[in-house]
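Reading the structure
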Amino acid sequence: NIGTGTASVDVYLGTTKLNTYSIAPNTVAARTFAGRSGGLIKVVPTPGTTARNLVVSQRVLYNGKLNEVIGVSSSQLSPTYYFPWYNNNSANGYSDWLLVGNPSSTSATVTVKIGSAFTKTVTVPPGSTSDITGIPASTTTGPVTITSTIPIFASQRVLYKGSFNEMMGTGIEA
């Protein structure tokens with residue numbers, strides 16, 4: 001909390017509220033949700049309060065390696081995202097996957113295009129995430145373009161010989 005007042009926030013995994021936390025000014029509140037997966041993490045002001053000036057991130061520990069991704073506010077969501085390329089060449093030690101999240105209250109129709117090698121359209125229900133499946137093995141091309149009927153977020157997770165990295169897509173306003 002980089003603000004001057006105490007912030008009260010509710011933390012959700014998908015549509016399930018995990019807890020409410022008070023965060024004093026100029027302090028950090030690190031919470032662990034071990035064994036939890038499957039849905040977007042949402043941090044929102046507790047009803048009846050305002051929480052401004054928060055910096056929120058997610059840390060993932062995988063195979064002894066740490067990766068941290070900064071959270072995005074709803075004003076930073078976009079209907080279009082880009083990644084430079086997609087590399088799922090397991091023979092070279094790569095394993096990529098794409099994830100899209102829909103924090104809104106309406107469904108999103110999302111189209112993923114990887115170069116000219118792959119196109120798929122999925123529906124992402126409100127308050128949920130979707131892994132993009134069915135990408136042919138050994139797909140190594142780009143760019144990756146993700147478009148949606150409403151603002152969403154998108155990330156690409158890469159495993160490489162036991163290391164893990166996740167990066168958020170670059171959002172472009174249409």
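Please refer to the structure placed before this passage.
A brief structural summary. Fair warning: this is a prediction, and the values are worked out from it, not measured in the lab. (Residues numbered from 1 in each chain as written. Predicted model: local features only at pLDDT ≥ 70, side-chain atom pairs only at ≥ 80, totals over all residues. Heavy atoms only, no water.)

Mapped onto the elements of the fold, Thr80 is located in strand β6 (residues 78-83). Among the residues examined, Thr80 registers a relative accessible area of 11% and is labelled buried. Setting aside anything within four residues of it in sequence, one finds Thr80 in contact with Ile146, Thr147, Thr170, Gly171 and Ile172. (Helix = DSSP H or I, 4+ residues; strand = E, 2+ residues; numbered from the N terminus. Buried < 20%, exposed > 50% of the residue type's maximum accessible area, 1.4 Å probe, protein only. Contact = heavy atoms within 4.5 Å.)

Bringing the sheet that holds strand β1 (residues 7-13) into the picture now. Strand order in the open sheet formed by three strands is β2-β1-β3, with antiparallel pairing between adjacent strands. This sheet does not close on itself; its edge strands, each paired only once, are β2 (16-23) and β3 (41-45). With direction set aside, neighbouring strand axes in the sheet form an average angle of 25 degrees. Of the strand pairs in this sheet, β1 and β3 are connected by five bridges, and their pairing is antiparallel. Bridge pairing in β3 places Val11 opposite Val43. (Pairing = 2+ DSSP bridges. Axes fitted to C-alpha atoms, helices over the stretch in contact; angles between N-to-C directions.)

Two faces belong to every sheet, and in a regular strand the side chains alternate between them. Where strand β13 (residues 144-160) and strand β14 (residues 163-168) come together, six bridges link them in antiparallel fashion. Bridge pairing in β14 links Val158 to Asn165. Between the antiparallel neighbours β13 and β14 lie two residues, among them Lys161 with a positive phi of about 45 degrees.

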